[in-house]
Amino acid sequence: MTMSLPMCAIDFSNDEMGPEEAAIAQRIAELKEEMGDDLLILGHHYQRDQIVMHADLLGDSFLLSELAAKSDAKNIIFCGVHFMAESADILTSDSQRVILPNMRAGCSMADMAALNEVEIAWDQILQETGLKDPATAKEGDSCLIPVTYMNSAAELKDFCGRHGGIVCTSSNAAGILQWAYDRAGPNGAVLFFPDQHLGRNTGISMGIPLEQMAVWTPGQENDLPSDVKIVLWHGFCSVHKRFTVAQIDSFRQEFPDGVVVVHPECPMEVVQAADANGSTEFIRKFVAQQKPGTNIAVGTEINMVARLDSQHENLNIQCLEPTVCPCSTMYMIHPAYLLDVLERLSEGEIPNQVIVEKSVQKGAKIALERMLSIKK
Ligand code: SF4
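Residues numbered from 1 in each chain as written. Predicted model: local features only at pLDDT ≥ 70, side-chain atom pairs only at ≥ 80, totals over all residues.

1. A word on the overall build of the protein chain
In plain terms, the rule: Runs of H or I in DSSP of at least four residues are treated as helices and runs of E of at least two as strands, each being numbered from the N terminus. Computation of the radius of gyration draws on C-alpha atoms alone. For the globule rule, the value is 2.2 Å times the number of residues to the power 0.38. Put simply, a residue is buried when 20 or more other C-beta atoms lie within 10 Å of its own C-beta and exposed when 12 or fewer do; between those, it is partly exposed, and each C-beta is set from the backbone. We call two residues in contact when the distance between their C-beta atoms, placed using the backbone, is within 7 Å.
Counting its regular elements, the protein chain contains 14 helices and 14 strands. The C-alpha radius of gyration of the protein chain comes to 21 Å, within 12% of the 21 Å expected for a compact globule of 376 residues. C-alpha atoms of the protein chain, sized along the principal axes, occupy 65 × 55 × 35 Å. Relative to its 376 residues, the protein chain shows a buried fraction of 47%. In the protein chain, once contacts between residues fewer than 6 apart in sequence are set aside, the share between residues at least 24 apart is 65%.

2. Observations regarding the confidence of the model for the protein chain
Heads up, the rule is: Scored from 0 to 100, pLDDT records how confident the predictor is in each individual residue.
Confidence along the protein chain averages 93 in pLDDT terms, with 95% of residues attaining 70 or more. The model gives residues 1–15 a pLDDT under 50, and that stretch makes 20 contacts with residues more than four places away or in other chains.

3. So, the site of the ligand
Put simply, the rule is: As used in this record, a residue near a molecule or strand is one whose C-beta atom, placed from the backbone, is within 6 Å of it. We call Asp, Glu, Lys and Arg charged. Ala, Val, Leu, Ile, Met, Phe, Trp, Tyr, Cys and Pro are nonpolar, and the rest, Gly among them, are polar.
Contacts to the ligand come from 13 residues, most closely from Cys107, Met109, Cys237, Val239 and Cys327. The class makeup of the residues in the shell around the ligand is eight nonpolar, four polar and one charged.

4. With respect to the pairing of strand β2 (residues 39–44)
So the rule is basically this: Two strands qualify as a pair provided DSSP detects at least 2 bridges between them.
Judged by how many residues are buried, β2 sits mostly within the fold: six of six residues are covered. By the alternation rule, side chains of β2 split into Leu39, Ile41 and Gly43 and Leu40, Leu42 and His44, which are all buried. Pairing of β2 with strand β3 (residues 57–59), which is carried by three bridges, proceeds in the parallel orientation. Looking at the pairing, Gly43 lines up with Leu58 of β3.

5. Considerations on the sheet that holds strand β12 (residues 276–277)
How we decide: All axes are obtained by fitting lines to C-alpha atoms, using only the stretch in contact for helices, and the reported angles, taken between N-to-C directions, cover 0 to 180 degrees.
Pairing within the open sheet is parallel, and its four strands lie in the order β12-β11-β13-β14. Whereas interior strands pair on both sides, the edge strands pair on one side only; in this sheet they are β12 and β14 (316–319). Sheet topology note: the strand β13 (residues 295–299)/β14 ladder contains four bridges and is parallel. The residue bridging Asn295 from the neighbouring strand is Asn316, located in β14. Strands in contact with helix α12 (residues 302–311) are β13 and β14; relative to β14, the strand with the most contacts, it is inclined by about 170 degrees.

6. Topic: α12
Along α12, the residues that are buried comprise Ile302, Asn303, Met304, Val305, Arg307 and Leu308. Structurally, α12 contributes buried residues whose contacts are with α2 (49–52), α11 (280–288), β13 and β14.

7. Structural notes on the sheet that holds strand β10 (residues 230–233)
In spatial order, the strands read β7-β6-β8-β10-β9; together these five strands make up an open sheet with parallel pairing. Strands with a single pairing partner mark the edges of an open sheet, and in this sheet they are β7 (166–168) and β9 (213–216). On average, each strand axis in the sheet is tilted by 25 degrees relative to the strand beside it, whichever way the strands run. As judged from the five bridges shared by strand β6 (residues 144–149) and strand β8 (residues 189–193), these two strands associate in the parallel manner. Within β8, the position partnered with Pro146 by the bridge is Leu191.

8. Thoughts on unusual backbone geometry
Pro194 follows Phe193 through a cis peptide bond whose omega is -5 degrees. At Asn352, a position not held by glycine, the phi torsion is positive, near 50 degrees. Structurally, Asn352 is set in the loop between α13 (335–346) and α14 (358–372).

9. Description of the packing of helix α7 (residues 173–184) against helix α8 (residues 196–205)
This is how it is decided: The labels follow the angle: roughly parallel below 35 degrees, roughly antiparallel above 145, roughly perpendicular from 65 to 115, and oblique for the rest.
Contact geometry of α7 with α8 gives a least axis separation of 9 Å together with a crossing angle of 75 degrees. The angle between the axes of α7 and α8 places the two elements in the roughly perpendicular class. In this structure, α7 uses Ala173, Ala174 and Leu177 to contact α8, whose residues at the interface are Leu198, Thr202 and Ser205. Looking at side-chain class alone, the contact of α7 with α8 contains four nonpolar, two polar and no charged residues.

10. Digging into the domain arrangement of the protein chain
Size of an interface, as often reported, equals the accessible area lost when the parts are brought together. Defined as follows: Where each domain begins and ends is defined by an automated method or by a domain database.
Domain annotation of the protein chain identifies domain 1 (3–105 + 329–356), domain 2 (110–236) and domain 3 (240–319). Each side of the interface is counted separately: domain 1 has six residues, and domain 3 has seven residues. Of the residues that constitute the side of domain 1 that touches domain 3, the class distribution is one nonpolar, two polar and three charged.

11. Observations concerning the nonpolar core
Heads up, the condition is: As used throughout, a nonpolar core is a set of buried Ala, Val, Leu, Ile, Met, Phe, Trp, Tyr and Cys residues joined through C-beta atoms within 7 Å of each other.
In terms of nonpolar packing, the biggest core is built from 115 residues, with Leu42, Phe78, Val147, Val190 and Val298 touching the most fellow members. In terms of residue count, helix α4 (residues 82–91) provides more of this core than any other element does, six residues in total. When near neighbours in sequence (up to four residues on either side) are disregarded, Val147 contacts Cys160, Gly165, Ile166, Cys168, Ile176, Leu177, Ala180, Val190 and Phe192.

12. Concerning helix α3 (residues 61–70)
Counting buried residues in α3 gives seven out of 10 residues, a clear majority hidden from the surface. On its buried face, α3 is in contact with β2, β3, β4 (75–79) and α4.

13. Digging into the environment of Leu339
Mapped onto the elements of the fold, Leu339 is located in helix α13. Between the C-alpha atoms of Leu339 and Leu115, which are 224 residues apart in sequence, the distance is 34 Å. With residues up to four places along the chain from it excluded, the contact list for Leu339 reads Ile24, Arg27 and Ile28.

14. Quick notes on the environment of Gly43
Checked against the element boundaries, Gly43 lands in strand β2. Taking the C-alpha atoms as reference points, Gly43 and Leu64, 21 residues apart in sequence, are found 7.9 Å from one another. Beyond its immediate stretch of four places on either side in the chain, Gly43 contacts Ile51, Val52, Ala55, Leu58 and Cys79.

Printed below as a string of structure tokens:
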């Protein structure tokens with residue numbers, strides 16, 4: 001599921017690196033060597049190559065947090081965005097520190113759901129539907145189960161833990177929703193946040209009709225069908241919402257035998273027009289299974305698509321949107337920031353540590369551990 005990247009994989013002769021970048025890469029490698037097993041560098045698939053080359057492990061957000069928890073490293077540098085470092089902090093021991101090279105690296109989707117807005121929505125939905133909060137429900141009650149995508153702040157994971165809910169990722173969302181419905185009772189429903197597209201696409205794959213779904217936008221009038229099964233928070237990923245059906249049509253016109261694979265954070269119409277959809281790990285495996293010479297359009301973040309292309313010389317891989325930009329917040333992890341935190345660590349400082357308050361950790365850990373206990 002993850003790729004281990006040994007130090008010997010580093011190629012400082014990379015033509016694309018100027019002398020300044022090469023010097024930064026060299027110094028990072030030296031500091032890594034000095035710190036040995038005390039240090040673990042995690043790299044998300046959407047990071048640029050100049051970061052990935054230093055990562056001990058490469059993977060998606062949850063796998064990296066899980067691997068951080070299994071490691072004994074004292075200092076864990078998470079080359080990803082803030083919510084990922086929070087999850088790693090929740091799952092690691094008190095003696096381990098999780099460090100984010102640039103504290104401004106957030107996630108626009110995660111920022112679309114704030115705790116106070118979710119709390120207001122929660123009360124309104126319970127009142128409007130008559131459903132019960134699982135934390136106080138009696139046997140036989142129909143309940144509203146909160147489900148948060150991994151891409152959310154720790155305090156929302158805590159909210160889910162405190163209200164009988166759970167966390168999901170893009171690779172286990174259907175299994176997690178099934179878990180939620182098994183607990184919600186016959187007329188129960190799910191409040192899914194923050195990504196409406198992942199929630200809708202997963203609901204459709206489970207056979208839930210669109211008429212039983214509703215989008216919830218805070219501060220607006222929100223109409224819920226009387227038999228609502230899933231209330232979708234209005235959030236979205238600014239990278240994945242850029243993919244369109246027109247792009248798929250144009251790719252198919254050029255390559256009638258080509259295949260299209262997209263991430264389930266893409267809009268429903270795009271997911272339905274694609275040949276396959278799934279998490280970053282799914283996309284990696286899907287691409288690896290294609291016959292030599294296949295033309296493949298991939299609807300996900302450009303750094304990952306470019307890396308897939310360079311890893312599979314016998315395939316013709318392109319990004320579905322030719323002008324797509326990298327995820328702007330992932331891109332905030334520049335090698336100079338990575339070097340800066342390493343220098344400061346080597347001088348005995350603890351820079352940019354991400355700490356989730358104990359009061360928030362408790363519920364968040366419950367919601368994360370509920371997810372861990374379910375296999376897909
Ligand atoms: S790709 Fe989208 S969901 Fe992932 S970190 Fe960037 S904005 Fe957030």
